[in-house]
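Geometric and topological summary
If you want the building blocks of each chain, they are given just below.
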Amino acid sequence: MTILNVTGLTKRFGATDVLRGIDLDVQRGERIAILGASGSGKSTLLRCLNFMERPGGGTIALDGQVLGREGKAGERVYREAELIQVRQRVGMVFQQFNLFPHMTAIGNVMEGLRTVRGMPKPEAEARARKELARVGLAEKAETYPAHLSGGQKQRVAIARALAMDPEMLLFDEPTSALDPELVGEVLNVILALAKEGRTMLLVTHELGFAYHVATRVIFLADGAIHEQGTPDEVLKNPKKERTRAFLASHKQFSF
Amino acid sequence: MRWDFASVFDNTDALLVGAAGTLRIFAICLVLGLSLGLLVGLGRYSRNRWIHIPATIFVEFFRNTPVLVQILWFYFALPILLPFQISPLAAASLGISLNSAAFSAEIYRGGIQSIETGQWDGARALGMRWGQAMRRIILPQALKRMLPALTNRAIEIFKMSTLASAVAYVELLQQGKLIASLNYNPIEAYTAVAVIFFVFLWPLVQFSYFLERRLKRDE
């Protein structure tokens, strides 16, 4: 069952075409790893999917419902209220965590439930504790982000996204800002979510992780999908030259 | 020369009336100035030019004209344009509040802009509206950074209240002048006024230090 349908998605920053017509169907339960060199548009693609960036052209449909309406010049016009609904259904985890530093870990996880959902405090708190326990941070509930390690911060950020019951999760390089020894704890949490059958799109440089967790791998180049397929197809037997070159440069120092 | 503080102490009740007047205008201007400043500051930050441009004009106008002139203008010129008299308190409060709003608007704008865009991302990704993100995520962090500057504003407002004496509003300086002219003791009278100001303001500054420390709990 298709949860997300993207057709002809384009995005331009100034004179640069960052996305040049992306077509993408995401089925429920799919886990898609998005790879690509820096500047290939992978983060922008992800940010367009929950409208952190407004798409320049093309359409995005969530659960068969095409978002926005056609404007006078043929462009798509989005109402803020509609986008707010979308963002609650499509959770996002950022490279830089973006935790709220003035709130404790549990405060961060409760925030969406309280402010956006208007959930009563005891209920929101119980739910937030459950999510923190799920990412293994029950005992850090009252800790402020400044006193958490990078890995712990990212796990709180994941709990914060999960608390909103998203139908789909977007991970934007979730381990790129972490010290190497902290990457594992975050990947383990993401792996556990994968095993629950959650739908997720993951921009990452962790090829090994992508191989193990993804059901599909997409290789982006110059703002377009250059190659895609199962992890075996794309990561082990890439057909296109650029994919091979990218993988080679990433495996250069592996042994 | 001989100091004659006795004649000042004889007029303690006049100074108390003055102190009450100073506190009253301070309270009015603090609340009006800082809250209007927040609105104007948000306006300066707005991408909508119908909000942005008037806010900018307001700031530039009140930042670049002297408060004293504004107070005198509100007191003497406004009643000519409008069909009603204006009290010294109202004229002085208007001048000081609008001036403080213009200055604090810049503090708010700078404070809000200093918050990393990632905080907006985090808030928006949860489905927050602009106002919710501002109230829950951006402003609390920005206020912490702005506190020293806002404290300076409060102190400035307190001291600017003396300008109200120009339209004969009864406050500390006005009462000091009165005592000085009745007893020919300007040195002692104005010294007393200065000491009273210090006694009010010093605890205010200490309180702001305390607040800053409290707000640093999350670090």
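Check the entry above for the structure.
Summary of the structure given here. No experiment lies behind these values; they were computed from the predicted model shown.

When helices and strands are tallied, chain A shows nine helices and 12 strands. For 255 residues, the compact-globule formula gives about 18 Å, and the C-alpha radius of gyration of chain A, at 18 Å, lands near that figure. Along the longest, intermediate and shortest principal axes, the C-alpha atoms of chain A span 55 × 50 × 35 Å. Put simply, chain A has 255 residues, and 55% of those count as buried. For chain A, long-range pairs separated by at least 24 residues make up 64% of all intrachain contacts whose partners lie at least 6 apart in sequence. Element-wise, carbon and sulfur atoms account for 50% of the exposed surface of chain A, whose accessible area totals about 11100 Å². Side-chain charges of chain A comprise 34 positive and 30 negative groups, with the mean position of each set lying 2 Å from the other.

Turning our attention to the sheet that holds strand β2 (residues 16–27) of chain A. All names here are of chain A. With antiparallel pairing, four strands are arranged side by side in an open sheet as β2-β1-β4-β5. At either end of the open sheet lies a strand with only one pairing partner, and these are β2 and β5 (65–66). Relative to β5, strand β4 (residues 57–62) is paired through two bridges, and the arrangement is antiparallel. Bridged to Leu-62 within β5 is Gln-65. Against the sheet, helix α1 (residues 42–49) contacts β1 (2–13), β2 and β4, and its axis sits at roughly 120° relative to β1.

All right, on to empty space enclosed by the protein then. Within the structure shown, the criterion is met by one cavity of 30 Å³ or more. In this structure, the largest cavity spans a volume of roughly 70 Å³. Every element with two or more residues in the lining of the largest cavity is listed here: α2 (80–89), β8 (90–93) and α5 (150–162) of chain A together with α6 (117–125) of chain B. Per-element accounting of the lining of the largest cavity gives the leading share, three residues, to α5(A). Here the residues of the lining of the largest cavity are counted per class, giving eight nonpolar, three polar and two charged.

Every contact between the two is made by 20 residues of chain B and, on the other side, 24 residues of chain A. At the boundary of chain B with chain A, total buried surface from both sides reaches about 2000 Å², with 58% on carbon and sulfur atoms. Put simply, chain B and chain A have two salt bridges between them. Glu111(A) is the partner of Arg136(B) in a salt bridge, and the nearest nitrogen-oxygen pair spans 2.7 Å. Remark: the boundary between chain B and chain A carries eight residue pairs in polar contact (both at pLDDT 80 or more). Contributions of two or more residues to the side of chain B that touches chain A are made by α6 and α7 (130–160) of chain B. For the side of chain B that touches chain A, the element with the most residues is α6(B), which contributes seven residues. Here the side of chain B that touches chain A is composed, by residue class, of six nonpolar, six polar and eight charged.

The computed volume of the largest pocket comes to approximately 570 Å³. Taken together, 19 residues make up the lining of the largest pocket; nearest its centre are Tyr45(B), Arg47(B), Trp120(B), Arg124(B) and Trp130(B). Contributing elements (two or more residues each) for the lining of the largest pocket: α2 of chain A together with α5 (88–113), α6 and α7 of chain B. A per-class count over the lining of the largest pocket returns eight nonpolar, three polar and eight charged.

Right, let's talk about the sheet that holds β8(A) for a bit. Residue and element names in this part refer to chain A. The sheet built from six strands is open, its strands ordered β8-β9-β10-β3-β11-β12 with mixed pairing. In this open sheet, the two edge strands, each paired with only one partner strand, are β8 and β12 (224–229). When strand polarity is set aside, the average angle formed by the axes of neighbouring strands in this sheet is 20°. Pairing analysis gives four bridges linking strand β3 (residues 31–36) to strand β10 (residues 199–203), with the strands arranged parallel. Each residue of the ladder has a partner; that of Ile-32, found in β10, is Leu-201. Of the strands in this sheet, β3, β11 (216–221) and β12 are in contact with helix α9 (residues 241–251), which crosses β11 at around 100°.

The next point concerns helix α3 (residues 105–116) of chain A. Over its 12 residues, α3(A) extends 18 Å from the first C-alpha to the last, a length consistent with the 16 Å expected when each residue adds 1.5 Å. Here α3(A) lies mainly inside the structure; 11 of its 12 residues are buried. Regarding α3(A), the residues found buried are Ala105(A), Ile106(A), Gly107(A), Asn108(A), Val109(A), Met110(A), Glu111(A), Gly112(A), Leu113(A), Thr115(A) and Val116(A). Turning to α3(A), the residues buried within the fold contact α2, α4 (121–134) and α5 of chain A together with α7 of chain B. Remark: Gly118(A) follows α3(A) within two positions and exhibits a positive phi of approximately 65°.

Right, let's talk about the packing of aromatic side chains for a bit. One pass over the full model with this rule turns up 11 aromatic pairs over all chains. Their ring planes at 85° and their centres at 5.0 Å tell us that Phe61(B) and Phe62(B) sit as a pair that is edge-to-face. Ring geometry for Phe158(B) against Phe197(B): centres 5.5 Å apart, planes inclined by 85°, an arrangement best described as edge-to-face. Here Phe197(B) lies in helix α9 (residues 186–215) and Phe158(B) lies in helix α7, a separation of 39 residues in the sequence. Aromatic ring contacts, followed pair by pair, group Phe26(B), Phe158(B), Phe197(B) and Phe200(B) into a single cluster. Across from the ring centre of Phe100(A), 4.4 Å away, lies the NZ or CZ of Arg160(A), which sits over that ring.

Turning our eyes to something else, we now look at the environment of Leu113(A). Residues and elements named next belong to chain A. Along the chain, the position of Leu-113 falls in helix α3. Sequence separation between Leu-113 and Glu-123 is 10 residues, and the spatial gap between their C-alpha atoms is 9.1 Å. Excluding its chain neighbours within four sequence positions, the residues that come into contact with Leu-113 are Gly-118, Met-119, Ala-124, Arg-127, Ala-163 and Met-164.

Basis of the calculations
Residues numbered from 1 in each chain as written. Chains lettered and ligands numbered in written order. Predicted model: local features only at pLDDT ≥ 70, side-chain atom pairs only at ≥ 80, totals over all residues. Heavy atoms only, no water. Helix = DSSP H or I, 4+ residues; strand = E, 2+ residues; numbered from the N terminus. Rg over C-alpha atoms; globule rule 2.2 N^0.38 Å. Buried < 20%, exposed > 50% of the residue type's maximum accessible area, 1.4 Å probe, protein only. Contact = heavy atoms within 4.5 Å. Areas by Shrake-Rupley, 256 points an atom, 1.4 Å probe, with all protein chains shown as cover. Lys, Arg positive; Asp, Glu negative; His and termini not counted. Charge placed at Lys NZ, Arg CZ, Asp CG, Glu CD. Pairing = 2+ DSSP bridges. Axes fitted to C-alpha atoms, helices over the stretch in contact; angles between N-to-C directions. 1 Å grid on protein atoms, 1.4 Å probe; cavity = no way out; pocket = protein on both sides within 12 Å on 5 of 7 lines; lining within 4 Å. Points joined across faces, edges and corners; volume = space filled by probe spheres on them. Nonpolar A, V, L, I, M, F, W, Y, C, P; charged D, E, K, R; others polar. Buried area = accessible area lost by both parts, 1.4 Å probe. Salt bridge = Lys/Arg side-chain N within 4 Å of Asp/Glu carboxyl O. Polar contact = N/O pair within 3.5 Å; in protein donor to acceptor, adjacent residues only side chain to side chain. Expected span 1.5 Å × (residues − 1). Phe/Tyr/Trp six-rings, centres within 6.5 Å; stacked < 30°, edge-to-face > 60°. Lys NZ or Arg CZ within 6 Å of the ring centre and 35° of its normal.

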